[in-house]
Amino acid sequence: MRVVIARCSVDYEGRLQAHLPLATRLLMVKADGSVLVHSDGGSYKPLNWMSPPCSMAEIDPSEDEVDEGVVACWVVQHAKSEDRLRVRLHEVLHDSSHDLGVDPGLVKDGVEAQLQALLAEHIHTLGEGYTLIRREYMTAIGPVDIMCRDADGATVAVELKRRGDIDGVEQLTRYLELLNRDPHLAPVSGVFAAQQIKPQARVLAQDRGIRCVTLDYEALKGMDDAESRLF
């Protein structure tokens, strides 16, 4: 991973146009090719980014950019679209590279991991005609718990929690924002699934067009025998 702290401005061009004016920011270039632009705030969500597959070239600034104080330019081009990220560096305060090795991935607690495995096995729990794409679908900002398709073939991203709160909805929102940039996946809708979902989280999810599903862990395990119930 390459870590750069620099005074820079950033422009995103393609399906959307976005501009970050000159400021000091953290730039991360990961081994998978992704480039992320962070500020000293906003938790772990980047201000802008380019997810793989993409390529980055460091080029000399134009004469006009030199006159503005630009010392170097990064041009990050997505391989499957016209999306392009242009980072203009005015002053580099830190630049280092580090080999992080192979990451073992996030180890979730037993029940949450079992929930994911069971829901993937019984993906029709989300609706008739649903089919599984894969578990732990990797993105530049982390793995989506489950990626699947609905009965119409549209892509659906599923975030799983034991107890669903606002942070989980925010996490899924970030995944959806990133996934919907990929023309091969878009449009991507979201499902927030948990054993318990807090009322505030449900309201926020519904406001963002995210469907909430309450999961019955015992039923998914096959331990909930309807014939043996009194009611």
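- If you check an unreviewed UniProt entry, the protein chain appears there as Endonuclease NucS from Luteipulveratus halotolerans.
- Taken verbatim from the UniProt record of the protein chain, the Function (unreviewed entry) comment is "Cleaves both 3' and 5' ssDNA extremities of branched DNA structures."
- Recorded under Sequence similarities (unreviewed entry), the UniProt text for the protein chain is reproduced unchanged: "Belongs to the NucS endonuclease family."

## So, the domain arrangement of the protein chain
Accessible area lost upon the coming together of the parts serves often as the stated size of an interface.
Consideration 1: Segmenting the protein chain into domains produces domain 1 (2-97) and domain 2 (111-228).
Consideration 2: Domain 1 and domain 2 are separated by 32 Å when their C-alpha centres are compared.
Consideration 3: Opposite the 14 residues of domain 1 that make contact, domain 2 presents 11 residues.
Consideration 4: For the pair domain 1 and domain 2, the summed buried surface comes to about 1100 Å²; carbon and sulfur atoms form 55% of the total.
Consideration 5: For the pair domain 1 and domain 2, the number of links is one salt bridge.
Consideration 6: Lys 45 is paired through a salt bridge with Glu 177; the nearest N and O atoms lie 3.1 Å apart.
Consideration 7: Remark: the boundary between domain 1 and domain 2 carries three residue pairs in polar contact (both at pLDDT 80 or more).
Consideration 8: Broken down by class, the residue content of the side of domain 1 that touches domain 2 amounts to six nonpolar, three polar and five charged.

## Some remarks on the sheet that holds strand 7 (residues 84-97)
Consideration 1: Spatial ordering of the open sheet is given by 4-3-2-1-7-6-5, a layout of seven strands whose pairing is antiparallel. Bordering the open sheet on either side are strand 4 (48-50) and strand 5 (54-59), each of which pairs with just one other strand. Taken over all neighbouring pairs, the strand axes of this sheet differ in orientation by 30 degrees on average, direction set aside.
Consideration 2: Across three bridges, strand 3 (residues 35-38) lies against strand 4 in antiparallel orientation. By the bridge assignment, Val 35 is partnered in strand 4 with Met 50.

## Some words on the pattern of salt bridges
Consideration 1: Scanning the entire structure with this criterion turns up 10 salt bridges.
Consideration 2: Ionic pairing is found between Arg 2 and Glu 58, a salt bridge with its closest N-O pair at 2.5 Å. With Arg 2 in strand 1 (residues 2-13) and Glu 58 in strand 5, this residue pair connects regions lying 56 residues apart in the sequence.
Consideration 3: We classify Arg 2 as buried; its relative accessible area is 19%.
Consideration 4: Through salt bridges that share partners, Asp 11, Glu 65, Arg 86 and Arg 88 make up one connected network.

## Here's the deal with the side chain of Arg 181
Consideration 1: With respect to the secondary-structure elements, Arg 181 resides in the loop between helix 3 (166-179) and strand 11 (188-197).
Consideration 2: Put simply, Arg 181 is tucked away with no salt bridge, and the nearest opposite charge, on Glu 177, sits 4.4 Å away.
Consideration 3: At 3.1 Å, the side chain of Arg 181 forms a polar contact with the backbone oxygen of Trp 49.

## A look at the environment of Gln 200
Consideration 1: Structurally, Gln 200 can be placed in helix 4 (residues 199-207).
Consideration 2: When the C-alpha positions of Gln 200 and Glu 218 are compared, they lie 25 Å apart, and in sequence the two are 18 residues distant.

Conventions used here
Residues numbered from 1 in each chain as written. Predicted model: local features only at pLDDT ≥ 70, side-chain atom pairs only at ≥ 80, totals over all residues. Heavy atoms only, no water. UniProt positions renumbered as here; feature names shortened; annotations may be inferred. Domains from an automatic or database assignment. Contact = heavy atoms within 4.5 Å. Buried area = accessible area lost by both parts, 1.4 Å probe. Salt bridge = Lys/Arg side-chain N within 4 Å of Asp/Glu carboxyl O. Polar contact = N/O pair within 3.5 Å; in protein donor to acceptor, adjacent residues only side chain to side chain. Nonpolar A, V, L, I, M, F, W, Y, C, P; charged D, E, K, R; others polar. Pairing = 2+ DSSP bridges. Helix = DSSP H or I, 4+ residues; strand = E, 2+ residues; numbered from the N terminus. Axes fitted to C-alpha atoms, helices over the stretch in contact; angles between N-to-C directions. Buried < 20%, exposed > 50% of the residue type's maximum accessible area, 1.4 Å probe, protein only. Lys, Arg positive; Asp, Glu negative; His and termini not counted.

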